[in-house]
Amino acid sequence: MDETNPGPAATRVAVECLTLWLEQDRQRAIDHIANLEVDPSGPGPTNLIVGLLNLSSWLALTLASEQGATTDDELREKAGVILREFLRLLSE
């Protein structure tokens, strides 16, 4: 990744990885991610995580907006509620 700011490129790679994951070919997605981690022209593990966090943030804030949050504070608060609910569901 030769971009000065690796965030957008890493986020594009994250979208690509999530797209593969959603296609239900989980092994293909896992293999793709493993290859990205060692590809010298790829985002690298840290930037891949940053890309996934960028994508996740956008998705959580979009969901918060869809649930009625409008201001920045409301969006962050509602996104936090959504994430806590998801964690609760994971622990069941």
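Above: the structure in question.
All values reported here derive from a predicted model rather than from experimental measurement.

Caption draft 1: Layout of the overall build of the protein chain. Scanning the protein chain for helices and strands turns up four helices and zero strands. N-terminal to C-terminal, the α/β element order of the protein chain is α-α-α-α. Its C-alpha atoms put the protein chain at 40 × 35 × 20 Å along the principal axes. For the protein chain, with 92 residues in total, the buried portion stands at 25%.

Caption draft 2: The packing of helix α3 (residues 44-66) against helix α4 (residues 72-91), seen in detail. Where α3 meets α4, the closest approach of the two axes is 8 Å, and the angle between their N-to-C directions is 105 degrees. Judged on the interaxial angle alone, α4 and α3 are roughly perpendicular. Contact residues: α3 offers A60, L61, L63, A64 and S65, while α4 offers L75, R76, K78, A79 and I82. Looking at the contact of α3 with α4, its residues break down into seven nonpolar, one polar and two charged.

Caption draft 3: The pattern of salt bridges, seen in detail. Evaluated as defined, the whole model comprises four salt bridges. For R28, the salt bridge is made with E23, and the minimal N-O distance between the two is 3.5 Å. Judged by relative accessible area, which is 46%, R28 ranks as partly exposed. We note a salt bridge from E85 to R88, for which the minimum N-O separation is 2.5 Å. Of this pair, E85 and R88 are both found in helix α4, three residues apart, which corresponds to roughly one turn of the helix. By relative accessible area, which is 35% here, E85 ends up partly exposed. Here the salt bridges do not stand alone but share partners, grouping E85, R88 and E92 into one network.

Caption draft 4: Structural detail: a nonpolar patch on the surface. Together, F86, L87 and L90 give the surface a local cluster of nonpolar side chains, amounting to about 340 Å² of exposed area. Looking at where L90 falls in the secondary structure, it is placed in helix α4. Overall, the relative accessible area of 54% leaves L90 in the exposed class.

Caption draft 5: Representation of α4 in the model. End to end, α4 covers 29 Å across 20 residues, agreeing with the expected 28 Å (1.5 Å per residue, within 8%). Buried within α4 we find L75, A79, G80 and I82. Down the axis of α4, the buried side of the element spans an arc of 165 degrees, and every buried residue falls inside it. Opposite the buried face of α4, by more than 90 degrees, sit the exposed residues D73, E77, R84 and S91. Check the buried side of α4 and you find it contacts α3.

Rules and cut-offs
Residues numbered from 1 in each chain as written. Predicted model: local features only at pLDDT ≥ 70, side-chain atom pairs only at ≥ 80, totals over all residues. Heavy atoms only, no water. Helix = DSSP H or I, 4+ residues; strand = E, 2+ residues; numbered from the N terminus. Buried < 20%, exposed > 50% of the residue type's maximum accessible area, 1.4 Å probe, protein only. Axes fitted to C-alpha atoms, helices over the stretch in contact; angles between N-to-C directions. Parallel < 35°, antiparallel > 145°, perpendicular 65-115°, else oblique. Contact = heavy atoms within 4.5 Å. Nonpolar A, V, L, I, M, F, W, Y, C, P; charged D, E, K, R; others polar. Salt bridge = Lys/Arg side-chain N within 4 Å of Asp/Glu carboxyl O. Patch = residues over 30% accessible without salt bridge, like charges linked within 9 Å, V, L, I, M, F, W, Y side chains within 5 Å. Areas by Shrake-Rupley, 256 points an atom, 1.4 Å probe, with all protein chains shown as cover. Expected span 1.5 Å × (residues − 1). Arc of directions from axis to C-beta.

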